[in-house]
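Residue-level listing of the chains:
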Amino acid sequence: MLEKIVLPMPDDFDIENFTKEVFFMFPGEKVKVDLRCDNSLMKTMVDRFGEDVTTLAYDMTSFRIQTEVSASPTFFGWLFGFNGKVQILAPESLKEQYKNMLRESIAINGVVDDE
């Protein structure tokens, strides 16, 4: 640990918001996202985004989260880890980014559809 601060922290820097938005320290474009989540993930989402995150009912088996995230490959990897239990509802541009990343990964890894 250094005795002195190398770079001063910006006046408007909020570490709590930063850690909610940035996934595993990989920053990306900040995007307001609307996610549909399986009800079993409520605690996980509150742990990730904080107790003040906006949650809304979706249907009997799922809820919505509205929050700001840094759109990065690590965010998409985090999303993928839920095996379909989290779905991007909006914005459409973020959904497209995710689809493109998945397509690219399939192509790179030589995975072929059964169709």
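Above this text is the structure in question.
A quick note: this is a predicted structure, and the numbers were derived from the prediction, not measured. (Residues numbered from 1 in each chain as written. Predicted model: local features only at pLDDT ≥ 70, side-chain atom pairs only at ≥ 80, totals over all residues. Heavy atoms only, no water.)

### Details of the overall build of the protein chain
Let me state the cut-off plainly: In DSSP terms, a helix is any run of H or I states spanning at least four residues, a strand is any run of E spanning at least two, and both are numbered starting from the N terminus. For every residue, the accessible area (1.4 Å probe, protein chains only) is compared with the maximum for its type, and the residue is labelled buried under 20%, exposed over 50%, or partly exposed between those bounds. Contact definition: two residues touch when any of their heavy atoms are within 4.5 Å. Under the convention used here, a 1.4 Å probe and the Shrake-Rupley method define accessible areas, while residue burial counts only the protein chains that appear.
Helix and strand content of the protein chain: 4 helices and 4 strands. Each helix and strand of the protein chain, ordered N terminal to C terminal, gives the series α-β-α-β-β-α-β-α. By residue count, 29% of the 115 residues in the protein chain fall in the buried class. Long-range pairs, those at least 24 residues apart, make up 68% of the contacts in the protein chain between residues at least 6 apart in sequence. Total accessible area on the protein chain stands at roughly 8,400 Å², and carbon and sulfur atoms take up 56% of it.

### Some details on the environment of Lys99
Topologically, Lys99 is positioned in helix H4 (residues 92–108). When the C-alpha atoms of Lys99 and Phe76 are compared, they prove to be 9.7 Å apart, with 23 residues separating the residues in sequence.

### Topic: the pattern of salt bridges
Pairing between side chains of opposite charge can happen when the charged atoms of each approach one another. Heads up, the rule is: For this analysis, a salt bridge means a side-chain nitrogen from Lys or Arg found within 4 Å of a carboxyl oxygen belonging to Asp or Glu.
Per the stated rule, a full pass over the model turns up 4 salt bridges. Between Asp47 and Lys43 there is a salt bridge, and its shortest N-O distance comes to 3.1 Å. Here the residue Asp47 and the residue Lys43 both occupy positions in helix H2 (residues 42–49), the gap between them amounting to 4 residues, near one helical turn. The burial state of Asp47 is the same as that of Lys43; both residues are exposed.

### Things to note about the sheet that holds strand E4 (residues 86–90)
Two pairing modes exist for strands in a sheet, parallel and antiparallel, and in both the strands are linked by backbone hydrogen bonds. What counts, and what does not: Only when DSSP finds a minimum of two bridges between them are two strands counted as paired. Axis lines are fitted to C-alpha atoms, over the contacting stretch for helices. Their N-to-C directions set the angle, which ranges from 0 to 180 degrees.
Pairing is antiparallel across the open sheet formed by 4 strands, whose spatial order is E2-E3-E1-E4. In this open sheet, the two strands that pair with only one neighbour each are strand E2 (54–59) and E4. Going across the sheet, the axis of each strand differs from the next one's by a mean of 40°, ignoring polarity. Where strand E1 (residues 29–38) lies against strand E3 (residues 62–71), 10 bridges are found, and the strand directions are antiparallel. Directly across from Val31, in E3, lies its bridge partner Val69. Sheet strands touched by H2: E1, E2, E3 and E4. Its angle to E3, the strand with the most contacts, is close to 30°. Its contacts with the sheet put H4 on E1, E3 and E4, and the angle it makes with E4 is roughly 135°.

### Looking at the environment of Cys37
Residue placement: Cys37 occurs in strand E1. What makes Cys37 buried here is its relative accessible area of 0%. For the pair Cys37 and Gly84, spaced 47 residues apart in the sequence, the C-alpha separation amounts to 8.9 Å. If near-sequence neighbours (up to four positions away) are discounted, Cys37 is found in contact with Met45, Thr61, Ser62, Phe63, Ile65, Lys85 and Val86.

### Things to note about the packing of aromatic side chains
Note the threshold: Between the rings of Phe, Tyr and Trp (Trp by its six-membered ring), a pair exists once the centres lie within 6.5 Å; its type follows the angle of the planes, with under 30 degrees stacked, over 60 edge-to-face, and the other angles tilted. By the criterion adopted, a ring carries a charge over it if an Arg CZ or a Lys NZ lies within 6 Å of its centre and within 35 degrees of its normal.
Applying the stated rule across the entire model yields 5 aromatic pairs. Taking the centre distance of 5.8 Å and the plane angle of 90° together, the rings of Phe49 and Trp78 count as edge-to-face. With Phe49 in helix H2 and Trp78 in helix H3 (residues 73–80), the pair connects residues that are 29 residues apart, well separated along the chain. For Phe49, a relative accessible area of 2% gives the class buried. Sitting over the face of the ring of Phe49, Arg48 holds its NZ or CZ atom 5.9 Å from the ring centroid.

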